[in-house]
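Spelled out from the first residue to the last, the chains are:
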Amino acid sequence: MKKQFAEFFGTFWLVFGGCGSAIYAAGVPNLGIGFAGVALAFGLTVLTMAYAVGHISGGHFNPAVSIGLWVGGRFEAKDLIGYILAQVLGAIAAAGVLYVIVTGKSGFDSVGGFAANGYGELSPEGYSLMSALIAEIVLTAFFLLVILGSTNARAPKGFGPLAIGLALTLIHLISIPITNTSVNPARSLSQAIFAEGAYLSQVWLFWVAPIVGAIIGGLIHKALFEKE
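To start, this report covers the structure provided alongside it. (Residues numbered from 1 in each chain as written. Predicted model: local features only at pLDDT ≥ 70, side-chain atom pairs only at ≥ 80, totals over all residues. Heavy atoms only, no water.)

**Side note on the overall build of the protein chain**
Scanning the protein chain for helices and strands turns up 9 helices and 0 strands. In the protein chain, the order of α-helices and β-strands from amino to carboxyl end is α-α-α-α-α-α-α-α-α. Its C-alpha atoms give the protein chain a radius of gyration of 17 Å, near enough to 17 Å, the size a compact globule of 228 residues would have. By principal-axis analysis of the C-alpha atoms, the protein chain measures approximately 60 × 35 × 35 Å. (Helix = DSSP H or I, 4+ residues; strand = E, 2+ residues; numbered from the N terminus. Rg over C-alpha atoms; globule rule 2.2 N^0.38 Å.)

Structure, rendered in structure tokens:
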């Protein structure tokens, strides 16, 4: 259960820190951090929690990552459902806290998009379903390559969380305008539940694409880069 609790709190922190920065701080007058700041916030959440609890659970904080690590031979199938459940619950709990906080703002009217992911009319810059699908698959595949490579037994010790956090920052810098960046099904579901609009009807893509990308990344690393 320690592993599941670590995944719960790690995913909570990822959603609370990353989505919270987008909801509260991205557009504050004279103090807005912009999408570059949001991208950094997501990277910092993974980096900090990977060091904090990564030694307990492996620091997945993402159903797609757990599946990709299983495909890549780094994670046991028997733990997969428990990890995914803990990640989803942690994400939803964080989104719930974000919702409670934002409703306490003076003049609160609506949560709006609530940092949810979308395509078409719900994409920040109007990117199509196909564009969103390709972006999420490619970015998640490379995310898994970074995770598997930086945590390989032959990689420099202790730097894995740094590489992974920076990779997630780069992923957000690329794709916030496209989909508001998912690469994490739990994060997508949690925000869609509370967002105003049709975000929940689009959340299927942000489960399918990251999982497909993670599987591709896991297979590529296992076939080409794992030591025989």
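**Digging into the layout of surface pockets**
Leftover empty space is mapped by rolling, across the atoms, a probe with the size of a water molecule. Roughly 590 Å³ of volume is contained in the largest pocket. Surrounding the largest pocket, 34 residues form its lining, G58, G59, H60, L69 and T151 being those nearest its centre. At the level of elements, α1 (2–25), α2 (34–57), α3 (63–71), α5 (129–150) and α6 (160–179) are the ones that each hand at least two residues to the lining of the largest pocket. The leading source of residues in the lining of the largest pocket is α2, at 8 residues. Along the lines of polarity and charge, the residues of the lining of the largest pocket split into 17 nonpolar, 12 polar and 5 charged. Quantified by volume, the second largest pocket comes out at close to 430 Å³. (1 Å grid on protein atoms, 1.4 Å probe; cavity = no way out; pocket = protein on both sides within 12 Å on 5 of 7 lines; lining within 4 Å. Points joined across faces, edges and corners; volume = space filled by probe spheres on them. Nonpolar A, V, L, I, M, F, W, Y, C, P; charged D, E, K, R; others polar.)

**Regarding the side chain of T45**
Here T45 is to be found in helix α2. The class for T45 is buried, based on a relative accessible area of 4%. (Buried < 20%, exposed > 50% of the residue type's maximum accessible area, 1.4 Å probe, protein only.)

**Structural notes on the packing of aromatic side chains**
Considering all chains together, one arrives at 7 aromatic pairs under this definition. On the numbers, 5.2 Å between centres and 85° between planes, the contact of F8 with F9 is edge-to-face. Accessibility expressed as a relative area gives 22% for F8, which makes it partly exposed. Assessed through its relative accessible area of 48%, F9 is described here as partly exposed. Look at Y99 and F194: their rings are 5.4 Å apart centre to centre, the planes differ by 35°, and that puts the pair in the tilted class. Within this pair, whereas Y99 is found in helix α4 (residues 80–102), its partner F194 is found in helix α7 (residues 185–194), the two being separated by 95 residues in sequence. Judged by its relative accessible area of 23%, F194 is partly exposed. (Phe/Tyr/Trp six-rings, centres within 6.5 Å; stacked < 30°, edge-to-face > 60°.)

**Some details on the nonpolar core**
V15, L69, F114 and F143 are the most contacted members of the largest nonpolar core, which totals 50 residues. Residues within four places of F143 in sequence aside, it is in contact with N62, V65, I164, A167, L168 and I171. Y119, L205, F206 and A209 belong to the second largest nonpolar core, which has 6 residues in total. (Core = buried A, V, L, I, M, F, W, Y, C linked by side-chain atoms within 4.5 Å. Contact = heavy atoms within 4.5 Å.)

**Notes on the packing of α1 against α2**
For the pair α1 and α2, the least separation of the axes is 8 Å and the interaxial angle reads 170°. It follows that α1 is roughly antiparallel to α2 by the angle criterion. The handedness of the crossing between α1 and α2 is right-handed. The residue makeup of the contact of α1 with α2, split by class, is 13 nonpolar, 7 polar and 3 charged. (Axes fitted to C-alpha atoms, helices over the stretch in contact; angles between N-to-C directions. Parallel < 35°, antiparallel > 145°, perpendicular 65-115°, else oblique. Left-handed = near helix turned anticlockwise from the far one by under 90°.)

Distances and angles like these do not, on their own, reveal function.
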